[in-house]
Amino acid sequence: AKKVEELFSRYLAKLDLAVLMIDGVAVGAHTVVIALCIDSKGVKHVLSLRMGATENAAVAKGLLEDLIGRGLSVETPMLVVIDGSKALRKAVADVFGEEVLVQRCTVHKKRNVLEHLSQHDRSWVSRRMTQAYNESDEHRARTSLLALAKQLESVNPSAARSLLEGLDETLTVQRLGLPEELCRSLRSTNIIESSNSCVRDRSRNVKRWRDGLHVERWMAAGLLETEQHFRRIRGYRHMNLLVAVLKNAQTQEAVAA
């Protein structure tokens, strides 16, 4: 209970936030939406969590509004990294506006596409998508993915549509021109999912989740314990470049408006 209070009472205005990551994790019959940030030095911070029956827009929006209530500025230029959830994307747009820069997780995108395909087709499609997302140049990556989508139309139209859905936002880090090492860190939700994995390890002896309060306490305690062992992200030496690019993008939007 003390860990829950500690997490929910953190004042966030002093955080030099550059990246906001949001992800949902299933715990028992509950879904816990977790927010984590990366500051301008590449240091990770757990921000908060919110309980829900599913990873829906209302739960995510409530989480983000709570962060703003605790000092998180909507005026701060940031990159928001999420999985492929349309609910999370809607919540981000509702709270931060449509102009906010969003990077959709390429790992989730690949997983979603492959689920439409037979085992025979999954290996070559996976390889092609990985090659595209590893491209440092956005134009080459986009050209490769569009060519793959066209090829998939005859293999499985659903897979092609899945690939094209939100395609632009799977290439945000390339469009920003970030160095390769930093791109690898920010093009997926692996950073926050790694934290979730550590929490699951710490709670593995729980055999039965009694209720939502039980889940909330374990998740808060596990996240704060995990946070003590956080290391800076790979590519943190380039975070100053990301901050500059985000500020420039915000300035251009203001001029255009």
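Now for a quick tour of the structure. (Residues numbered from 1 in each chain as written. Predicted model: local features only at pLDDT ≥ 70, side-chain atom pairs only at ≥ 80, totals over all residues. Heavy atoms only, no water.)

## A closer look at the overall build of the protein chain
Then, in step 1: Scanning the protein chain from N- to C-terminus turns up 12 helices and 5 strands.
Then, in step 2: Since a compact globule built from 257 residues should have a radius of gyration of about 18 Å, the 19 Å found for the protein chain is in line with a globular shape.
Then, in step 3: For the protein chain, the spread of C-alpha atoms along the principal axes amounts to about 55 × 45 × 30 Å.
Then, in step 4: Averaging the positions of the 38 positive and the 31 negative side-chain charges in the protein chain gives two centres separated by 5 Å. (Helix = DSSP H or I, 4+ residues; strand = E, 2+ residues; numbered from the N terminus. Rg over C-alpha atoms; globule rule 2.2 N^0.38 Å. Lys, Arg positive; Asp, Glu negative; His and termini not counted. Charge placed at Lys NZ, Arg CZ, Asp CG, Glu CD.)

## Topic: the sheet that holds strand 1 (residues 17-27)
Then, in step 1: Read from one edge to the other, the open sheet built from 5 strands follows the order 3-2-1-4-5, with strand pairing classed as mixed. At either margin of the open sheet sits one strand with a lone partner, and together these are strand 3 (44-52) and strand 5 (101-104). Here the average twist between neighbouring strands, direction ignored, is 20 degrees.
Then, in step 2: Pairing geometry for strand 4 (residues 79-82) and strand 5, over 4 bridges, is parallel. Across the sheet, residue Val81 finds its bridge partner in strand 5, namely Gln103.
Then, in step 3: On the sheet, helix 10 (residues 190-202) packs against strand 1, strand 2 (30-39) and strand 3 and is oriented at approximately 40 degrees with respect to strand 1. (Pairing = 2+ DSSP bridges. Axes fitted to C-alpha atoms, helices over the stretch in contact; angles between N-to-C directions. Contact = heavy atoms within 4.5 Å.)

## A short note on the nonpolar core
Then, in step 1: By size, the foremost hydrophobic cluster in this structure holds 37 residues, and its most contacted members are Val19, Ile38, Leu186, Met219 and Leu242.
Then, in step 2: Apart from the residues lying within four places of it in its own chain, the contact partners of Leu242 are Val19, Leu176, Leu178, Leu182 and Leu186.
Then, in step 3: Among the nonpolar cores identified, the runner-up in size contains 24 residues, and Val59, Leu67, Leu72 and Met78 belong to it. (Core = buried A, V, L, I, M, F, W, Y, C linked by side-chain atoms within 4.5 Å. Buried < 20%, exposed > 50% of the residue type's maximum accessible area, 1.4 Å probe, protein only.)

## Let's talk about the pairing of strand 4
Put simply, side chains in a regular strand alternate between the two faces of the sheet.
Then, in step 1: Both faces of strand 4 are covered, namely the face carrying Leu79 and Val81 and the face carrying Val80 and Ile82.
Then, in step 2: Regarding topology, helix 3 (residues 86-96) serves as the crossover connection from strand 4 to the parallel strand 5, and that connection is right-handed. (Right-handed = clockwise from strand over helix to strand, strands pointing away.)

## Digging into the side chain of Gln103
Then, in step 1: With respect to the secondary-structure elements, Gln103 resides in strand 5.
Then, in step 2: Within the structure, Gln103 has its side chain in polar contact with the backbone nitrogen of Thr172 (distance 3.1 Å). (Polar contact = N/O pair within 3.5 Å; in protein donor to acceptor, adjacent residues only side chain to side chain.)

## Details of the packing of helix 5 (residues 119-133) against helix 6 (residues 138-155)
Then, in step 1: Helix 6 packs onto helix 5 with a crossing angle of 160 degrees between their chain directions and a minimal axis gap of 8 Å. One finds that helix 5 runs roughly antiparallel with respect to helix 6. With respect to the hand of their crossing, helix 5 and helix 6 are arranged in left-handed fashion. Between helix 5, through Asp121, Trp124, Val125, Arg128, Met129, Ala132 and Tyr133, and helix 6, the contact on the second element is made entirely by Ala141, Ser144, Leu145, Ala147, Leu148, Gln151, Leu152 and Val155.
Then, in step 2: Here the contact of helix 5 with helix 6 is built from residues that sort into 11 nonpolar, 2 polar and 2 charged. (Parallel < 35°, antiparallel > 145°, perpendicular 65-115°, else oblique. Left-handed = near helix turned anticlockwise from the far one by under 90°. Nonpolar A, V, L, I, M, F, W, Y, C, P; charged D, E, K, R; others polar.)

## Section: the packing of helix 6 against helix 7 (residues 157-164)
Then, in step 1: Axis separation between helix 6 and helix 7 bottoms out at 6 Å; the angle between their running directions is 155 degrees. What the angle tells us is that helix 6 and helix 7 run roughly antiparallel. In this structure, helix 6 meets helix 7 at a crossing whose hand is left-handed. Only Pro157, Ala159, Ala160, Leu163 and Leu164 of helix 7 make contact with helix 6, whose side of the interface consists of Leu145, Leu146, Leu148, Ala149, Leu152, Glu153 and Val155.

## Concerning the pattern of salt bridges
Then, in step 1: Applying the stated rule across the entire model yields 12 salt bridges.
Then, in step 2: For Arg10, the salt bridge is made with Glu227, and the minimal N-O distance between the two is 2.6 Å. Taken as a pair, Arg10 in the loop between helix 1 (2-8) and strand 1 and Glu227 in helix 11 (residues 212-227) lie far apart in primary sequence, 217 residues in all.
Then, in step 3: For Arg10, a relative accessible area of 22% puts it in the partly exposed group.
Then, in step 4: Put simply, Lys90 and Asp94 hold a salt bridge, and the shortest N to O gap is 2.9 Å. Placement of both Lys90 and Asp94 in helix 3 is noted, with a separation of 4 residues, approximately one turn of the helix. (Salt bridge = Lys/Arg side-chain N within 4 Å of Asp/Glu carboxyl O.)

## A short note on helix 11
Then, in step 1: The first and last C-alpha atoms of helix 11 sit 22 Å apart over 16 residues, in line with the 22 Å expected at 1.5 Å per residue.
Then, in step 2: Every buried residue belonging to helix 11 is among His214, Val215, Glu216, Met219, Ala220, Gly222, Leu223, Leu224, Thr226 and Glu227, and all of these are buried.
Then, in step 3: For helix 11, the secondary structure elements touched by its buried residues are helix 1, strand 1, strand 2, strand 3 and helix 10. (Expected span 1.5 Å × (residues − 1).)

## Quick look at the side chain of Glu169
Then, in step 1: On the secondary structure map, Glu169 appears in the loop between helix 7 and helix 8 (172-175).
Then, in step 2: Judged by relative accessible area, Glu169 falls into the buried class, the value being 17%.
Then, in step 3: Separated by 2.9 Å, the side chains of Glu169 and Arg89 make a polar contact.
Then, in step 4: Leave out the neighbours within four places in its chain, and Glu169 touches Arg89, Val102, Gln103 and Arg104.

Taken by themselves, the reported measurements are silent on function.
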